[in-house]
Amino acid sequence: MSDVIVETLVRLLSGWHLVYLLIGVYVGLVMGVLPALGGSAGMAVLLPFVFGLDAELALPMMIGMMAVTPTADTFPSVLMGIPGSNSSQSTVLDGFPLSKRGEAARALSAAFSASLVGGVIGAGFLTVAIFFALPFLLMIGFGEQLMLILLALTMVGTLTGASPLKGLATCGLGLLVGTIGTAPTTGSQRMTFDMSYMMDGVPLIIVGLSLFALPEIVDLVRRQTKISQTGTSLGSGWIQGVKDTIINWGVVLRCSLLGVIIGALPGIGGSVINWVSYSHVVQTAKDKSQFGKGDIRGVIGPESANNAQDGGALIPTLLFGIPGSGSMALLLAGFILVGIEPGVEMITTNLDLTYTIIWSLALGSVFGAGTCVFLAKPIARLTLVPATIIAPFMFSLIFLSAFQATRDWGDLAILLILGILGIYMKRFGWPRPAFMIGFVLSGQLENGLYRVTQVYGFSFLERPVVLALLVMLALAIYAAFRFKPKEEPITATPAHSAENRLPQLMFVFLLIAFAGYALVQSLSWNFATALMPRSVALATLLLLVPLAAAMVRTKTAAHYFYDSEREEFSGDVEYRTNEHYIALLVATLIGAWLAGFVVAMTAFLYLFLRRKAKLQHWQCAVAAACLAVSLMALSSLLGLRFPASLASTFVDLPWYLT
Amino acid sequence: MKPLGSMLWGAAVLAAASLSSLSGARAQAVDFKGETIELIAPYTEGGGADVYARMFIPYLQKYLPGNPKVIIRNLPGGASILGNNKFQATAKPDGKMLVVTSSSTLVAQLLGGKKRQFDVLKWRQVNVSPQGTVIYATSKTGVTGKDMMADLEKLRGQKIRYGAKQPDAGELRNIFAFDLLGLNHETIFGLARGEVRQAMLRGELEINHDTAESFNSSAQSFIKSGEFVPLWTLGMPKGEDIVRDPVFPDYPTINELYEKANGKPPAGTEYEAFKAFVNLGVAASKGFALPEGTPDNIREAYVDAVKKTLDDPDFRKLASDEVGQYPQLFGDDADFAIKKAVGLSPEVSDWLKQYMLKKYDLAI
């Protein structure tokens, strides 16, 4: 066996194998940097070249690409607060604040070195575990899956923010939004308003973009002249980031293992991993005060986990042909094209292919992260560009990314609706991470509950692994109460004051109205369809109503009061309200609907640069032209079309202008 | 003079006639030189029909007249309804846009209700590629695959659980089959095929189906190791009959088993519904379609290109599992296969509505 390991490594490092690996790595880097174009898009780009290629060349290319997308997507997450993909959403929480503190280069290089280690640990785990995993994986039945999902749900305890009541209610809302769409167990429609777009529910990538990216960027242009508040320097630089990773080796190791294991286990799903690892880091940290404000551990944890995850996810993919994620599904398609059939043969007769995969994963992580570390410092200079110049580009990027979800107008509409929700959640201190945990686990939780009742009934409690997990669950709940982050003193910030609370009261009542609406709707559905949304809506209302009552009655400052509008605004930036920017975005979207995506985005960029950044006309024109050209180039290279505008129904427009 | 004159006259007429027919042929010749053809895949990247479509792309570029560029556009959502609606709304009958159809498209045609704004029956099918369905059970149920009657008795004597994505999907064909065989079965929804396989290995589910392609690629290794036992296929529709699957001629069909167990061949409305679903899930499993009103010559150009692709030895090697040894249908024959799958008689259509309402509380 050990000669196979060495042989495959030597072969991989020689001649064309290495070239193909590097092609994969660089395609992956480009795809990763562009938000929402992750592994799936990369695989779609590579597939045409995989046709007729020898498996030994195709594998390094495909795996190399997959290995680096979760590395490269850290750039938008850290520098712009735009989640680069579903697997790096939680990186935004501390990564972007670090950029704002002028430590972008440090955050990036910490993320990349953590990614590198994570990727190598994932590959190492795969090397060993693939031989022993089968019996362990078969121990995780529907009952065990449900317990694991519940365990992940308890992580929300660490992400509730200052007011636990508010945090739990937010998680409930996330669960509730997650039930929108076709009910997985009955095929009935829930809260889809009879629109076919809504049948598949709200796409995760859009929830990430609208709750994190849009509010952060709006906040940025309102408050700061540049992303980096320190202005001119990039601070401690990239060496510090590598040091951070080394100092926090325990975090790296634990989160990598977490990523690998959750990646391999059935029924939980890859998009949960970054959230679970983030909560784990927060939960186990002694000093929790800096999380959400720029704690480097909040970047290191999820980034090591999301790179390690591939190593784990490959186990079921190789052994059972079960794709753990979208890009794994495409990888599986690639396998079929080059004639690899998943199954137990992968650890017997096809062992050399398995090692080619493992080495490609390890080497890909090293090459990818190495390149990124090298690029970290120059690219981090973006944080020194005035916010009013970079913001319109970021908005365009977000619109473009959101549209990749299903390439439907609905994507952009949902982005805006949830974006508005996100802006006010940020303003009134509703913890968005808690919403995300609820949202990503909603479908899994419902499926899990349904399967357990269908297959086992209460007898699932007789299974030993379930019982062990039950004990862990109890411990996790105990830990959530016992090791709660220390409450900040209320006087520390004027945001918690009880004065002028009408805006936040209105927001609470809107949330109550939404949960109430869901509850009323659910009354007309059959039992299996209604069970999950009805229970969640009820629980959410039980949290929201007392909260609202307390907010109405209390006359002094309290944790559940929060309004960031009371904080100081910098005098260097022209004061504009949230509503001003919401109106701008709505107008842009209406423009896109009337005149076409490219035209509207270009016009938006031109006007934004002219009015907000006060650039010269020619500068605005050059920037707008650059944007238009890159949008069109991107659409022609990747074969993606922009949403059809009203204009295109009257005039025959070229495809890139529709 | 007269004979010569009339001969000349005749020659002139002939020449003119042949010239006009020549220019007519020229007007009809299809040429996609310099064009970009959009291939709509109403699914996410990596699914069965998406991979099928992607495999054809390089060959369509090679064999379509004028060697156009073919790009694939994935428009997923709503179990293929979103993408198909968009195809219906935007495609013009000029051959520059086609769609890959699959069983999901046909199920949506039957059960899509108001959300479906397309009509497969009006599209012009280029081809359909059949794909067999194999049903297998875990060895824990006691089946051996050696004696079909004994196996049926074994399965009838216990509760068997099957996994499927959702009630209104192509998996109904197997649920109908279990009904016909009088099995005591229950379906756990929300499960993908791979998840079902894994759950069977854990002993949580008993029975599963796979298309020929994934049966060969993903179930085979557990059949060799004895965990799964292949039982039956849904067969292959031929005229009004269903015959043995050409790729799996050793496995009996549901029809054979029914006949042996009941002493007479299956019949009645329930059986008609089963047959429609075998047609949509097996006979018309995948294919390409052009929009309504596409002229014959354009469709012929596509049929020709697809035929040449299927004859290409490189393609055969690449698509050995996806296309297999199944008889491929083209043009009008393909249209007819689609019609057999979704052109239900009012009686069968009503029965289906009642079935969905009674069994799954789903109004169509």
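Residues numbered from 1 in each chain as written. Chains lettered and ligands numbered in written order. Predicted model: local features only at pLDDT ≥ 70, side-chain atom pairs only at ≥ 80, totals over all residues. Heavy atoms only, no water.

### A closer look at the overall build of chain A
Applied cut-off: Think of it this way: any DSSP run of H or I at least four residues long counts as a helix, any run of E at least two long counts as a strand, and we number them from the N terminus. Here the globule rule is a power law, 2.2 Å times the number of residues to the power 0.38, and the radius of gyration is based on C-alpha atoms. Three exposure classes are used, based on accessible area relative to the maximum for each residue type with a 1.4 Å probe and protein chains only: buried under 20%, partly exposed in between, and exposed over 50%. Only heavy atoms enter the contact rule, under which two residues are in contact if any of them lie within 4.5 Å.
The helix and strand inventory of chain A stands at 26 helices and two strands. In terms of C-alpha radius of gyration, chain A reaches 24 Å, essentially the compact-globule figure of 26 Å for 658 residues. Its C-alpha atoms give chain A principal-axis dimensions of roughly 70 × 65 × 55 Å. Here chain A holds 658 residues, and 62% of them are scored as buried. Residue pairs at least 24 apart in sequence account for 80% of intrachain contacts in chain A once pairs closer than 6 positions are excluded.

### A short note on the packing of helix 24 (residues 597–611) of chain A against helix 25 (residues 617–638) of chain A
Residues and elements named next belong to chain A. Note the cut-off: Every axis corresponds to a line fitted to the C-alpha atoms, with the helix fit spanning only the stretch in contact, and the corresponding angles, defined between N-to-C directions, vary from 0 to 180 degrees. Angles below 35 degrees are treated as roughly parallel, those above 145 as roughly antiparallel, those between 65 and 115 as roughly perpendicular, and all remaining angles as oblique. Left-handed is the label given to a crossing in which the near helix is rotated counterclockwise from the far helix by less than a right angle, and right-handed is the label when the rotation is clockwise.
Taken N-terminus to C-terminus, the directions of helix 24 and helix 25 make an angle of 155°; their axes are 9 Å apart at the nearest point. One way to sum up the angle between helix 24 and helix 25 is to call them roughly antiparallel. Regarding helix 24 and helix 25, the two cross each other, and that crossing is right-handed. On helix 25, the residues that touch Phe597, Val598, Met601, Thr602, Leu605, Tyr606, Leu609 and Arg610 of helix 24 are His617, Cys620, Ala621, Ala623, Ala624, Leu627, Ala628, Leu631 and Met632.

### What about the domain arrangement of chain A?
Residue and element names in this part refer to chain A. In plain terms, the rule: Boundaries of every domain are those given by an automatic assignment or by a domain database. Buried area, as used here, totals the accessible surface that two parts lose on assembly, with accessibility defined by a 1.4 Å probe and the loss added over both. Salt-bridge detection follows one rule: a side-chain nitrogen of Lys or Arg within 4 Å of a carboxyl oxygen of Asp or Glu. Whenever two N or O atoms come within 3.5 Å, that pair is a polar contact, provided that in protein one can donate a hydrogen and the other can accept it, and provided that, for residues adjacent in sequence, both atoms are side-chain atoms. Residue classes follow a fixed rule: Ala, Val, Leu, Ile, Met, Phe, Trp, Tyr, Cys and Pro count as nonpolar, while Asp, Glu, Lys and Arg count as charged, and any other residue, Gly among them, counts as polar.
Structurally, chain A comprises domain 1 (2–552) and domain 2 (581–657). Taking only C-alpha atoms, the centre of domain 1 and the centre of domain 2 are 30 Å apart. Around 2400 Å² of area is buried between domain 1 and domain 2 when both sides are counted, 90% of it from carbon and sulfur atoms. The largest share of the area that domain 1 buries against domain 2 comes from Phe399, Leu400 and Trp409, three residues that together contribute 26% of it. The interface formed by domain 1 and domain 2 includes zero salt bridges. Where domain 1 touches domain 2, the interface holds one residue pair in polar contact (both at pLDDT 80 or more). Looking at the side of domain 1 that touches domain 2, the elements that each hand over two or more residues are helix 10 (204–223), helix 17 (387–403) and helix 18 (409–427). With ten residues, helix 17 is the largest single contributor of residues to the side of domain 1 that touches domain 2. In the side of domain 1 that touches domain 2, the residues fall into 22 nonpolar, three polar and one charged.

### Digging into the environment of Glu347 of chain B
All names here are of chain B. Structurally, Glu347 is set in helix 14 (residues 346–360). Residue Glu347 is classed as exposed on the basis of its relative accessible area, which comes to 55%. Distance in space between the C-alpha atoms of Glu347 and Asn67 is 47 Å, their sequence separation being 280 residues. Here Thr269 takes part through its side chain, which lies 3.5 Å from a polar atom of the side chain of Glu347.

### Examining the packing of aromatic side chains
Here is the rule we go by: Ring geometry is summarised as follows: Phe, Tyr and Trp rings, the Trp one being its six-membered ring, pair when their centres sit within 6.5 Å, and such pairs are stacked at plane angles under 30 degrees, edge-to-face over 60 and tilted between the two.
A complete count under the given rule lists 34 aromatic pairs over all chains for this structure. Ring centres of Phe193 of chain A and Tyr517 of chain A lie 6.2 Å apart, and the angle between their planes is 10°; on these two criteria the pair is classed as stacked. Here the residue Phe193 of chain A occupies a position in the loop between strand 2 (189–190) and helix 10, and Tyr517 of chain A occupies one in helix 21 (residues 502–522), the gap between them amounting to 324 residues. With a relative accessible area of 52%, Phe193 of chain A lands in the exposed category. Judged by relative accessible area, which is 35%, Tyr517 of chain A ranks as partly exposed. Arranged with centres 5.4 Å apart and planes meeting at 90°, the rings of Phe215 of chain B and Phe248 of chain B form a pair that is edge-to-face. Of this pair, Phe215 of chain B sits in helix 8 (residues 212–224) while Phe248 of chain B sits in the loop between strand 11 (241–243) and helix 9 (254–262), placing them 33 residues apart in sequence.

### Some words on helix 21 of chain A
All names here are of chain A. Selection criterion: One less than the residue count of a helix, multiplied by 1.5 Å, gives the span that helix is expected to have.
Between its first and last C-alpha, helix 21 extends 30 Å over 21 residues, near the 30 Å set by a 1.5 Å rise per residue. Of all the residues in helix 21, the buried ones are Gln504, Leu505, Phe507, Val508, Leu511, Ile512, Ala515, Gly516, Ala518, Leu519 and Ser522. Buried residues in helix 21 make contact with helix 9 (164–178), helix 18 and helix 22 (527–553).

### A short note on the sheet that holds strand 13 (residues 329–330) of chain B
All names here are of chain B. What counts is decided by this rule: A pair of strands is labelled paired if DSSP reports no fewer than 2 bridges between them.
One open sheet holds the six strands; their spatial order is 2-1-3-12-4-13, and the pairing between them is mixed. Sheet topology places strand 2 (69–74) and strand 13 at the edges, where each strand pairs with a single neighbour. In the sheet, strand 1 (residues 36–41) pairs with strand 3 (residues 97–102) via three bridges, with the strands oriented parallel. The residue bridging Leu39 from the neighbouring strand is Leu98, located in strand 3. Across the sheet, helix 3 (residues 81–90) is in contact with strand 1, strand 3 and strand 12 (286–290); its angle to strand 3 comes to roughly 150°. Those strands touched by helix 11 (residues 296–311) are strand 1, strand 3, strand 4 (124–129), strand 12 and strand 13, and its axis lies near 15° from that of strand 4.

### Topic: the pairing of strand 6 (residues 159–164) of chain B
All names here are of chain B. Note the following rule: A crossover gets the label right-handed when its path from the first strand over the helix to the second runs clockwise, viewed with the strands pointing away from the viewer.
Among the six residues in strand 6, five count as buried, and that is most of the element. Judged from the six bridges that link them, strand 6 and strand 7 (residues 184–189) form a sheet pairing that is parallel. When the bridges of strand 7 are listed, Arg161 appears paired with Glu186. Where the polypeptide runs from strand 6 across helix 6 (residues 172–180) and back to strand 7, its parallel neighbour, the crossover connection is right-handed.

### A few points about the side chain of Ser214 of chain B
Within the fold, Ser214 of chain B resides in helix 8. Setting aside anything within four residues of it in sequence, one finds Ser214 of chain B in contact with Arg197 and Ala219 of chain B.

### Here we look at the environment of Pro76 of chain A
All names here are of chain A. Following the sequence through the fold, Pro76 ends up in helix 5 (residues 74–80). Sequence separation between Pro76 and Val33 is 43 residues, and the spatial gap between their C-alpha atoms is 6.5 Å. Setting aside residues up to four positions removed in sequence, Pro76 forms contacts with Gly32, Val33, Pro35, Gly81, Ile82 and Gly84.

### Overview of the nonpolar core
The cut-off we apply is this: Within this scheme, the nonpolar core is defined by two criteria: the residues are buried Ala, Val, Leu, Ile, Met, Phe, Trp, Tyr or Cys, and they are joined through side-chain atoms within 4.5 Å.
Judged by nonpolar contacts, the single largest core of 340 residues is most densely connected at Trp430 of chain A together with Ile207, Trp232 and Phe274 of chain B. The element best represented in this core is helix 7 (residues 104–139) of chain A, accounting for 14 residues.

### Looking at the domain arrangement of chain B
Residue and element names in this part refer to chain B. With domains assigned, chain B is organised as domain 1 (36–130 + 284–346) and domain 2 (133–281). A separation of 27 Å is found between the C-alpha centroids of domain 1 and domain 2. Tallying the contact residues gives 17 residues for domain 1 and 19 residues for domain 2. Between domain 1 and domain 2 lies a buried interface of about 1500 Å² when both sides are counted; carbon and sulfur atoms form 62% of it. Three residues stand out in domain 1 for area buried against domain 2, namely Asp321, Tyr326 and Lys340, and they jointly supply 37% of the buried area on that side. There are one salt bridge connecting domain 1 and domain 2. Where domain 1 meets domain 2, there are four residue pairs in polar contact (both at pLDDT 80 or more). Elements represented by at least two residues in the side of domain 1 that touches domain 2 include exactly helix 4 (103–111) and helix 13 (331–342). For the side of domain 1 that touches domain 2, the leading source of residues is helix 4, giving five residues. Grouping the amino acids of the side of domain 1 that touches domain 2 by side-chain chemistry returns ten nonpolar, three polar and four charged.

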